[in-house]
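Residue-level structural notes
Single-letter residue listing:
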Amino acid sequence: MKNNKKSTMAKQRMSMAEVLMTPEISMLIVLIVLCVYTNSVNQAFFAVKNIQIILRNCAFIGALAVGEAFALMCGEIDLSIGCNATLCSLVFAHASIILGWSPIASILAGLFTGIAVGLINAFITLKLGMTSWITTLSTQYICKGLGTIISKGGAIASLKGGFVTMSKARPLGLSWMLFIVIGIIFIMGMFMQFTPMGRKVHAVGISPEASRIAGLKVTYIKGLCMVFAGGMAAVCGILQTISSLSGSPVTGIGNEFPAIICCAIGGVSTTGGKGTMWGVFIGLLMYQTLKNCLQTLGLNGNYQMVVTGIVLLVAVAFDLVKKNFRFKRKKVA
């Protein structure tokens, strides 16, 4: 009887420890402490305008994070999404401003560019056998170079018509770009949680070989995820262009790393097979709030990068620690 009680208590302790070791919970605790401290130093931190700024800044990184999450969950990675977004932004701006295409045609040009980059990444990775990080690192430079060629090294300005109205609109003090990204996160969250394809993505990420034995089309599923990542990079680039009413060869460059950080903080496993869109959204809010906290505290930009890197390391470390806890829990059971 005593042994049974000890075993039950041990399981409860392991369960509580596992909850505390999740990236979402642990980072949330750290973030709350940081927010309280920041507000004590500068009481304007919790002002409505500052909260609106934090939320508006979630739009562009959020679009990239959604696409990156799919790549990570299927066991791959896409390092080209930042420069891909820049290329799509410039293609969209060039089509609309220089060529005078209609809004729909210009948007489609940007979207097809991002999807094409995703297809290239998928083909080289899944058909030619190159690792995804090498493939996407290479296409990152290609996208950056093509973007500079299209823009001739300068900005392409400026969008007109309905794009101006959309750019300046502030529904609820926020932006239409944010609401579009939140809508995408909600739809893809439902897709991942309630559709067979969503469950297949997780299965492929956990074990491609076991998934093949089970009859899943691993290459097809991974390919779709990588193409989707390219498509979301295009969405990010188009939204950024509409927001600023111009395309720039430096917009989006380097944003792949914040996107990966948002995914890691939100519980998306960097080794594949685990993660939710709800977690990505939480990670996105945490990242932007952390960034705002550091800026409010007046921390030097170089130190901000150091802290951001530490956050990524801690998030990944928690993912590994959580796996160890699960393994120990199985042994106790």
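Scroll up a little and you will see the structure.
Read on for a plain summary of the structure. (Residues numbered from 1 in each chain as written. Predicted model: local features only at pLDDT ≥ 70, side-chain atom pairs only at ≥ 80, totals over all residues. Heavy atoms only, no water.)

**Focus on the packing of aromatic side chains**
- Across all of its chains, the model carries six aromatic pairs by this definition.
- Ring centres of Phe-70 and Phe-228 lie 4.6 Å apart, and the angle between their planes is 55°; on these two criteria the pair is classed as tilted. Taken as a pair, Phe-70 in helix H4 (residues 58–73) and Phe-228 in helix H12 (residues 218–244) lie far apart in primary sequence, 158 residues in all.
- Classification of Phe-70 by relative accessible area gives buried; the value is 4%.
- With relative accessibility at 22%, the residue Phe-228 sits in the partly exposed group. (Phe/Tyr/Trp six-rings, centres within 6.5 Å; stacked < 30°, edge-to-face > 60°. Helix = DSSP H or I, 4+ residues; strand = E, 2+ residues; numbered from the N terminus. Buried < 20%, exposed > 50% of the residue type's maximum accessible area, 1.4 Å probe, protein only.)

**Quick word on the packing of H4 against helix H9 (residues 176–194)**
- Interhelical geometry of H4 versus H9 gives an angle of 20° and a closest axis separation of 8 Å. By the angle between their axes, H4 is roughly parallel relative to H9. For H4 against H9, the interelement crossing comes out left-handed. Seen from H4, the contacting residues are Cys-58, Ala-59, Phe-60, Gly-62, Ala-63, Val-66, Phe-70 and Met-73; seen from H9, they are Met-177, Leu-178, Val-181, Ile-184, Ile-185, Met-188, Phe-191 and Met-192.
- Class assignment for the residues of the contact of H4 with H9 results in 15 nonpolar, one polar and no charged. (Axes fitted to C-alpha atoms, helices over the stretch in contact; angles between N-to-C directions. Parallel < 35°, antiparallel > 145°, perpendicular 65-115°, else oblique. Left-handed = near helix turned anticlockwise from the far one by under 90°. Contact = heavy atoms within 4.5 Å. Nonpolar A, V, L, I, M, F, W, Y, C, P; charged D, E, K, R; others polar.)

**What to know about unusual backbone geometry**
- The linkage connecting Ala-157 with the following residue, Ser-158, adopts the cis geometry, with an omega of -5°.
- Checked against the element boundaries, Ser-158 lands in the loop between strand S1 (156–157) and helix H8 (162–168).
- Positive phi is not limited to glycine here, since Lys-152 has a value of about 55°.
- You can see Lys-152 is positioned in the loop between helix H7 (132–151) and S1.
- Phi angles above zero are rare outside glycine, and Leu-245 is one such case at about 65°.
- Tracing the sequence through the fold places Leu-245 in the loop between H12 and strand S2 (246–247).
- Leu-245 sits in the buried class, given a relative accessible area of 16%.

**Brief notes about the packing of H4 against H12**
- It is the contact of H4 with H12, at a shortest axis distance of 7 Å, that shows an interaxial angle of 175°. It follows from the interaxial angle that H4 and H12 lie roughly antiparallel. Residues Phe-60, Ala-63, Leu-64, Val-66, Gly-67 and Phe-70 of H4 form the contact with H12, whose participating residues are Cys-225, Phe-228, Ala-229, Met-232, Ala-233, Val-235, Cys-236, Leu-239, Gln-240 and Ser-243.
- Of the residues contributing to the contact of H4 with H12, the split by class is 13 nonpolar, three polar and no charged.

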